[in-house]
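A look at the structure
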Amino acid sequence: MFDSLPVLPPDSILGLAAACRADPNPDKVDLTLGVYMDETGLCPVFDSVQKAQRELVSQEKTKVYMPPTGDAAYLSGIRTLVLGAELEDHLGNRVSAVQTPGGCGAVRLGAEVLHAAASETTVWVSDPTWPVHIPLMGSVGLQFRTYRYYSPELQGLDFDAMLADLEQASPGDVVLLHGCCHNPSGADLSAVQWQQLGSLLAERRLLPMVDFAYQGMGSGLDEDAGGLRSVLASVPEMIIAVSSSKNIGLYRERAGAVIFIGGDDRAAEAMASQAVAAARRVYSMPPAHGALLAGRVLSSPELRQVWSLELEQVCGRINGLRANFRDALVTATGRDFDFIVRENGMFSFLGLSVEQAGRLRQEQSVYMLDSSRINIAGLNGRNISRVVEAVVSVL
Ligand SMILES: Cc1ncc(COP(=O)(O)O)c(C=O)c1O
């Protein structure tokens with residue numbers, strides 16, 4: 001049966017990370033993958049998570065399946081983290097949530113619910129967007145169109161073009177938004193732009209689906225949630241795909257949640273029930289370990305405080321690296337690299353061509369995506385000058 005089954009090439013991002021691992025150059029630099037790395041180049045376990053893990057392991061009595069909707073403490077912690085206590089309270093039972101295997105699982109279950117509600121709907125995605133969005137949501141059967149977003153000429157968001165394109169959307173279409181720390185560009189909407197977008201979504205009766213994978217890694221936990229919260233002041237419905245991979249550092253544990261906001265309590269219940277049924281068709285119950293850890297971290301005042309401080313440090317380090325990298329590039333080239341400090345989170349486009357990104361890999365063992373998207377958190381005190389020299393060599 002499988003004799004002529006084609007062997008597929010590796011995923012573009014994972015393939016480059018694998019090429020970097022195989023590179024024997026001891027000075028190689030991996031700026032490909034979207035994982036946070038500390039000053040030593042390690043993707044660390046948060047101390048708060050370690051502590052929760054020790055408690056969990058010593059107290060855990062069963063490995064029985066999780067409930068289909070997931071761990072109640074985790075879901076409650078995530079809802080409040082994302083919506084804020086006040087808005088959560090205001091929305092009441094119009095909010096439901098289902099635990100998922102990571103943010104990918106959340107995006108997928110959100111897409112399943114969209115498809116169940118309106119199989120012909122069009123999902124508008126930013127140009128560019130995270131390359132996994134379309135395969136992840138498209139395999140459910142949804143259609144896509146793109147709206148202009150990042151402009152290489154402006155070295156940032158082209159908000160007018162974004163609005164102009166979304167004016168073309170039909171009522172009932174879905175707009176996929178990055179809640180903060182846009183992947184791949186790092187270019188986010190300002191608070192005022194989020195409000196303007198909220199008005200447009202309401203006027204044109206478009207449904208926002210927010211991919212929220214980096215809360216707390218741009219400007220802070222509440223600051224990063226400000227955009228989606230402000231949109232919720234204008235629109236009655238929303239789907240939010242949450243990942244605990246980055247901000248709680250649970251990547252391999254696959255912890256995430258999809259939050260549904262319905263026009264009324266029944267709609268919120270229906271959306272969650274559809275998500276649970278979709279999960280049952282694919283993987284049944286969500287994984288336990290990561291959500292149980294995050295649930296403990298979010299619900300214990302002591303662990304929660306340790307975690308918030310740790311996350312603030314992560315965010316501060318990324319922003320510090322942005323400033324250092326900008327300064328070093330300006331000193332080396334005399335050109336303007338201010339866009340690096342205007343952007344949020346781990347990603348930035350360096351504005352290099354595919355050919356230049358290829359040369360950086362081949363000649364300098366500095367690995368970035370063909371689009372020249374780099375993971376800022378892959379920089380550190382030991383490699384930053386080498387990366388700057390390498391970039392200058394191909395400019
Ligand atoms: C924009 C975006 N959404 C969602 C995810 C999903 O994250 P995970 O499934 O690892 O939790 C990622 C991970 O890189 C991402 O960058």
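Residues numbered from 1 in each chain as written. Predicted model: local features only at pLDDT ≥ 70, side-chain atom pairs only at ≥ 80, totals over all residues.

1. Brief notes about the overall build of the protein chain
Keep this limit in mind: Put simply, DSSP marks the helices as runs of H or I at least four residues long and the strands as runs of E at least two long, and each gets a number from the N terminus on. The reference for a compact globule is 2.2 Å times residues^0.38; the radius of gyration itself is calculated from the C-alpha atoms. Counting other C-beta atoms within 10 Å of each residue's C-beta, where C-beta atoms are placed from the backbone, gives the exposure class: buried for 20 or more, exposed for 12 or fewer, partly exposed between. With C-beta atoms placed from the backbone, a contact is any residue pair whose C-beta atoms sit within 7 Å.
Along its length, the protein chain carries 15 helices and 13 strands. The globule rule puts the C-alpha radius of gyration for 395 residues at 21 Å, and the 21 Å found for the protein chain is close to it. A principal-axis box enclosing the C-alpha atoms of the protein chain has dimensions of 60 × 55 × 55 Å. Buried residues in the protein chain amount to 46% of all 395 residues. If you take every contact in the protein chain between residues at least 6 apart in sequence, the share linking residues at least 24 apart comes to 75%.

2. Description of the pairing of strand β9 (residues 238-243)
Look at any regular strand and the pattern is simple: side chains alternate between the two faces of the sheet. Spelled out, the test is: When DSSP locates at least two bridges between a pair of strands, those strands are taken to pair. For a crossover, the right-handed case is the one in which the path from the first strand over the helix to the second runs clockwise, viewed with the strands pointing away from the viewer.
In terms of burial, β9 is a largely internal element, six of the six residues being buried. What you see with β9 is no split at all: Met238, Ile240 and Val242 on one side and Ile239, Ala241 and Ser243 on the other are buried throughout. Of the strand pairs in this sheet, strand β8 (residues 207-212) and β9 are connected by four bridges, and their pairing is parallel. Directly across from Asp211, in β9, lies its bridge partner Ala241. Between the parallel pair β8 and β9, the chain is carried across by helix α9 (residues 221-231), and the sense of this crossover is right-handed. As paired strands, β9 and strand β10 (residues 256-261) are joined by six bridges and run antiparallel to one another. Bridge pairing in β10 places Ile240 opposite Ile259.

3. Overview of the packing of helix α5 (residues 102-117) against helix α10 (residues 265-282)
Note the following rule: Working convention: axes come from line fits to C-alpha atoms, limited for helices to the stretch in contact. Angles between N-to-C directions cover 0 to 180 degrees. Oblique is the label for any angle not covered by the other classes, which are roughly parallel (under 35 degrees), roughly antiparallel (over 145) and roughly perpendicular (65 to 115). In this scheme the crossing of two helices becomes right-handed for a clockwise turn of the near helix relative to the far one and left-handed for an anticlockwise turn of less than a right angle.
Viewed as axis vectors pointing N to C, α5 and α10 meet at an angle of 115 degrees, and their least axial separation amounts to 9 Å. For the element pair α5 / α10, the angle class is roughly perpendicular. Once α5 is placed against α10, the crossing between them reads as right-handed. Of the residues in α10, those touching α5 at Leu109, Glu112, Val113 and Ala116 are Met271, Gln274, Ala275, Ala278 and Ala279.

4. Observations regarding the domain arrangement of the protein chain
Convention followed: Residue ranges for the domains originate in an automatic or database domain assignment.
What the domain assignment reports for the protein chain is domain 1 (12-45 + 304-394) and domain 2 (65-299). Measuring from the centre of the C-alpha atoms in domain 1 to the corresponding centre in domain 2 gives 26 Å. Counting residues at the interface gives 25 residues for domain 1, matched by 26 residues for domain 2. Elements represented by at least two residues in the side of domain 1 that touches domain 2 include exactly α12 (301-333), α13 (339-342) and β11 (347-349). Sorting elements by how many residues they give to the side of domain 1 that touches domain 2 places α12 first, with seven residues.

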